[in-house]
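Single-letter residue listing:
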Amino acid sequence: MPVIEVKELVKRYKDIEAVRGISFKVEEGEIFGFLGPNGAGKTTVINILSTLLKPTSGEVFLGGFNVVKQPGEVRKSIGLVFQDTTLDEHLTAWENLYFHALLYGVNREIRKERIERALKMVELENRKRDLVKTFSGGMKRRLEIARGFLHYPKVLFLDEPTVGLDPQTRNHIWKYIRELREKENITIFLTTHYMDEAENCDRIAIIDHGVIVAEGTTEELKRQVGGDVITFATDYQSDAALFIKKEFGIEAKVVDNKVVFEAENGEELIPLLVSRFKRNIKSISLRRPTLDDVFLKITGRALRDETVDLKEQMRMRRRARRRR
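These numbers were taken from a predicted model, which means no experiment stands behind them. (Residues numbered from 1 in each chain as written. Predicted model: local features only at pLDDT ≥ 70, side-chain atom pairs only at ≥ 80, totals over all residues. Heavy atoms only, no water.)

**Brief notes about the overall build of the protein chain**
Check the secondary structure of the protein chain and you find twelve helices and 14 strands. Based on the C-alpha atoms only, the size of the protein chain along its principal axes is roughly 75 × 50 × 40 Å. Of all 324 residues assigned to the protein chain, the portion counted as buried reaches 49%. For the protein chain, the proportion of contacts with a sequence separation of at least 24, taken over those separated by at least 6, is 70%. Accessible area of the protein chain: about 16,100 Å², with a carbon and sulfur share of 47%. Of note, the protein chain has its 56 positive side-chain charges centred 5 Å away from the centre of its 50 negative side-chain charges. (Helix = DSSP H or I, 4+ residues; strand = E, 2+ residues; numbered from the N terminus. Buried < 20%, exposed > 50% of the residue type's maximum accessible area, 1.4 Å probe, protein only. Contact = heavy atoms within 4.5 Å. Areas by Shrake-Rupley, 256 points an atom, 1.4 Å probe, with all protein chains shown as cover. Lys, Arg positive; Asp, Glu negative; His and termini not counted. Charge placed at Lys NZ, Arg CZ, Asp CG, Glu CD.)

As structure tokens, this is what we get:
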């Protein structure tokens, strides 16, 4: 039985449909990634799953409990790390964890051991008596993850767990996430807009404008791209795209002022392209497909293009609130 089951989930805010009838399942012990641009509906879904928001329609179950009809049972079964810090910065690391243990009813006989173990896993045992306000952003994130699994939940939700962190700290956070899954068999459900970060997941659902547009393992998704990814720069992008279509029968896109297309046996095609395209080619490269390429193929645009759409969505939401 899946630990999370979502059926035809819809969430509307007046005239804005943030989530549009999505369905998916998450198996016990998985690291499941919800991947998509800002404003795609990721946080809305995680808020519904964690009982912080009620769906407009559809059914959602976590650990066999209905999130609408049995929210208390669901809350006992989950841990949650928000995008923004919710730590009390005027308390020490130990005090933050102790207060959380009290709230979740962790037995007093094992409370101290649990706290010590959690601090050790995230390498903060030497800072446990320090005020959280003295911590760096990465240290605060590690402490929040420790707090999230302190009561051994069935599912730990991580909403953009490494946003704003430097690459080294992000790698450390992922080390803790993998250790947590391996040692405690906790299901990890995370949202992210970092494509490279999603590579750490067992399975991924890509959400765009409130709809799941693809789902599977990273390798399954990458196979949708269909070959090597060739990128080249030229001052004649439109002409190049038409040339590639006419000469090789391949559809090409212009992304960030570069021509991008997919081809089997790309190493053999590049010399032909260079010799036959009679305009200047500034540079050319070949690589294996990434999740960025999957998103581009499915949606027709790069992930970072959505930053403008997010601003427009915020304006739409403000207008909707004024009409209430």
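**Digging into the nonpolar core**
One finds Leu143, Phe149 and Ile188 to be the most contacted residues of the largest nonpolar core, which totals 49 residues. The leading source of residues in this core is helix 6 (residues 167–184), at five residues. With residues near it in sequence (within four places) discarded, leucine 143 still touches Leu87, Ala93, Leu97, Leu119, Leu124, Val132 and Phe135. (Core = buried A, V, L, I, M, F, W, Y, C linked by side-chain atoms within 4.5 Å.)

**A few points about the side chain of aspartate 228**
Mapped onto the secondary structure, aspartate 228 falls in strand 11 (residues 228–233). The buried category is assigned to aspartate 228, whose relative accessible area is 8%. At a separation of 2.7 Å, a polar atom in the side chain of aspartate 228 contacts the side chain of arginine 288. Every residue in contact with aspartate 228, bar those within four places of it in the chain, is listed here: Phe261, Glu262, Ala263, Asn265, Gly266, Glu267, Leu286, Arg287 and Arg288. (Polar contact = N/O pair within 3.5 Å; in protein donor to acceptor, adjacent residues only side chain to side chain.)

**A closer look at the environment of glutamate 262**
Note on placement: glutamate 262 falls in strand 13 (residues 258–263). For the pair glutamate 262 and phenylalanine 295, spaced 33 residues apart in sequence, the C-alpha separation works out to 14 Å. Once you skip the residues sitting within four places of it in the chain, glutamate 262 turns out to touch Val225, Gly226, Asp228, Ile250 and Lys297. There is a polar contact of 3.4 Å between the side chain of glutamate 262 and the side chain of lysine 297.

**Observations regarding helix 10 (residues 266–276)**
Those residues of helix 10 that fall on the buried side of the exposure criterion are Gly266, Leu269, Ile270 and Leu273. Buried residues in helix 10, looked at end-on, bunch into an arc of 110°, giving them a common side. What points out from helix 10, more than 90 degrees from its buried face, is the exposed set Glu267 and Glu268. (Arc of directions from axis to C-beta.)

**Structural notes on empty space enclosed by the protein**
Considering all chains together, one arrives at one cavity of 30 Å³ or more under this definition. Around the largest cavity sit Arg114, Arg117, Ala118, Met121, Phe149, Leu150, Tyr152 and Glu184, which together line it. For the lining of the largest cavity, a count of residues per class yields five nonpolar, no polar and three charged. (1 Å grid on protein atoms, 1.4 Å probe; cavity = no way out; pocket = protein on both sides within 12 Å on 5 of 7 lines; lining within 4 Å. Points joined across faces, edges and corners; volume = space filled by probe spheres on them. Nonpolar A, V, L, I, M, F, W, Y, C, P; charged D, E, K, R; others polar.)

**Focus on helix 3 (residues 93–103)**
For helix 3, the complete set of buried residues consists of Ala93, Trp94, Asn96, Leu97, His100 and Ala101. In a view along the axis of helix 3, the buried residues occupy a sector of 165°, so they form one face of it. Downstream of helix 3 by a residue or two, glycine 105 has a phi angle that is positive, lying close to 65°.

**Points about the pattern of salt bridges**
All told, the structure shown has 24 salt bridges when counted by the stated rule. In this structure, the salt-bridge partner of arginine 141 is glutamate 144, at a minimum N-O distance of 3.0 Å. Pair noted here: arginine 141 and glutamate 144 are both in helix 5 (residues 137–148), with a separation of three residues, about one helical turn. The exposure class of glutamate 144 is buried, given its relative accessible area of 2%. A salt bridge links glutamate 144 to arginine 147; its shortest N-O distance comes to 3.6 Å. (Salt bridge = Lys/Arg side-chain N within 4 Å of Asp/Glu carboxyl O.)

None of this, on its own, says anything about what the molecule does.
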